[in-house]
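Each chain, letter by letter, is given below.
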Amino acid sequence: MKRLIVLAAAALCMSAAAQAPEAPAGGDGYNFVDTKIIPTTPVKNQYRSGTCWCFSTLTFLESEIMRNGGAPVHLSEMWIVRHSFKDKAVKYVRLHGHLNFAEGGASHDVTEGIKAHGIVPFEAYPGLDYGTDKPDFHEITPVLQAYLDAVIKSGDRSGRPLSTAWERGFDALLDTYFGPLPETFEYEGRSYTPQSYAASLPVDMDDYVDISSFTHHPFYETFIIEIPDNWMYGKVYNLPLDEMMEVIDSALAGGYTVSWGTDVSEKGFSRTKGIGVMPEAAVEEMDGTEAERWGKLTEKEKEDALYKLDKPGREVTVTQQMRQEAFDNYLTTDDHGMVIMGTADDCNGTHYYKVQNSWDTVKPYDGFWYFSRPFVAYKTTSIMVNKKAIPAPIRKKLGL
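Just so it is clear, the structure is predicted and the values come from calculations on it, not from any experiment.

A. Focus on the environment of Gly 179. Looking at where Gly 179 falls in the secondary structure, it is placed in the loop between helix 6 (166-178) and strand 2 (185-187). A relative accessible area of 3% means that Gly 179 is categorised as buried. Each C-alpha atom of the pair Gly 179 and Gly 127 lies 5.8 Å from the other, and the pair is 52 residues apart in sequence.

Written out as structure tokens, the structure is:
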């Protein structure tokens, strides 16, 4: 079967070369054959909100619900976001504003939020009470932070206790923008509380763990990952790079999706082509004329040629040290969250991960994207997986 897939990819590559003008938008030589697809709920749209962490993790959990035999459901992103804003606000005030109060977050914000507050379907809490039909936080976040900063300033300046009203005032702001939180709701002919609905789903939040790979903490132990959006001080398990990648591959092979925290500010990420790659010039493979021509290019010309991304090519060999240096020097940041939900091969039979994004069903792949293995190895900040998806030897090393 694998040989047939590779031959199909090669045939597609030759077909694309023969019919280049008719190649799909974003293809331009990158033509993919999906080799493994794990069912997910439809692509969603976070629109003008920095809440990818919530959209991606809920999509991940929705796929877990289906994997466990549950019916497809759209869980309410704004239920989690609204509770996250409140929980974050309390900590922000306690720390006199020395916390990143922003729209960002992490996968564990969702699982911990469901443990603490339950969950509801989207239909029970759309969370859009401010005049748009899609999330738009251009006003919400600065208003919320200004309120909290005023509370902190009044306490710091006067030296007197904070009022007993500030939390109620903050809740009123949240209710105004997102809508009041329902204590009970009807869904598909049954009455639920947020807690009873969460309990009715065939998923257990304790089954999910975060994993990363950095050398500034010991391997096979947990650490609080030092990213600004980790306001919750959530811990991740630390694995060597090859074992982190093994976890991703093992999960996908077993039918599990992966919630993926990454950085798409890399030049090898292209919105128009729907890909993320780490290209490298194969100078030693060039003939004499090509090598001479390459050597005469300026650094900008070399970069322009390298990131033209008109066809698959050689990519960087990613090392543990490269990952670490990128993280240490802010070249890899907590930039974006998506869901790895499949695998694919390009024209040359090179392996990629298929990823579901939350930027609506955009071209060229209707809201799905293809990322090379080097890109994932280099730019992953952390992943969330079901503990059962982790290979047994690695699970044992982690004490799971």
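Now that the structure has been shown, the text picks up again.
B. How the structure looks around the packing of helix 2 (residues 52-67) against helix 3 (residues 77-94). Here helix 2 crosses helix 3 at 135°, and the two axes come no closer than 9 Å. The angle between helix 2 and helix 3 places the two elements in the oblique class. Here helix 2 runs over helix 3; the crossing is right-handed. For the pair formed by helix 2 and helix 3, the contact residues are Trp 53, Cys 54, Phe 55 and Leu 58 on the first element and Glu 77, Met 78, Ile 80, Val 81 and Ser 84 on the second. Partitioning the contact of helix 2 with helix 3 into residue classes produces 7 nonpolar, 1 polar and 1 charged.

C. Focus on the confidence of the model for the protein chain. Model confidence for the protein chain is summarised by a mean pLDDT of 91, while 89% of its residues fall at 70 or above. Below a pLDDT of 50 lies the segment residues 14-27, which in the model reaches 9 contacts outside its immediate sequence neighbourhood of four places, other chains included.

D. A look at the packing of aromatic side chains. Using the criterion set out here, one finds 27 aromatic pairs in the structure. Taken together, a centroid distance of 5.5 Å and an interplanar angle of 75° make the contact between Phe 60 and Tyr 208 edge-to-face. Of this pair, Phe 60 sits in helix 2 while Tyr 208 sits in strand 4 (residues 208-212), placing them 148 residues apart in sequence. Note on Phe 60: relative accessible area 0%, which makes it buried.

E. The pattern of salt bridges, seen in detail. Under the defined criterion, the tally for this structure stands at 15 salt bridges. Among the ionic pairs, Lys 44 bridges to Glu 62, the shortest N-O distance being 3.0 Å. Within this pair, whereas Lys 44 is found in the loop between strand 1 (33-37) and helix 2, its partner Glu 62 is found in helix 2, the two being separated by 18 residues in sequence. As far as burial versus exposure is concerned, Lys 44 and Glu 62 are alike and both buried. The residue Lys 86 makes a salt bridge to Glu 167 at a minimum N-O spacing of 3.3 Å. One end of the pair, Lys 86, is in helix 3; the other, Glu 167, is in helix 6, and 81 residues separate them in sequence. Salt bridges sharing common partners tie together Lys 86, Glu 167 and Asp 171.

Basis of the calculations
- Residues numbered from 1 in each chain as written.
- Predicted model: local features only at pLDDT ≥ 70, side-chain atom pairs only at ≥ 80, totals over all residues.
- Heavy atoms only, no water.
- Helix = DSSP H or I, 4+ residues; strand = E, 2+ residues; numbered from the N terminus.
- Buried < 20%, exposed > 50% of the residue type's maximum accessible area, 1.4 Å probe, protein only.
- Axes fitted to C-alpha atoms, helices over the stretch in contact; angles between N-to-C directions.
- Parallel < 35°, antiparallel > 145°, perpendicular 65-115°, else oblique.
- Left-handed = near helix turned anticlockwise from the far one by under 90°.
- Contact = heavy atoms within 4.5 Å.
- Nonpolar A, V, L, I, M, F, W, Y, C, P; charged D, E, K, R; others polar.
- pLDDT = per-residue confidence, 0-100.
- Phe/Tyr/Trp six-rings, centres within 6.5 Å; stacked < 30°, edge-to-face > 60°.
- Salt bridge = Lys/Arg side-chain N within 4 Å of Asp/Glu carboxyl O.

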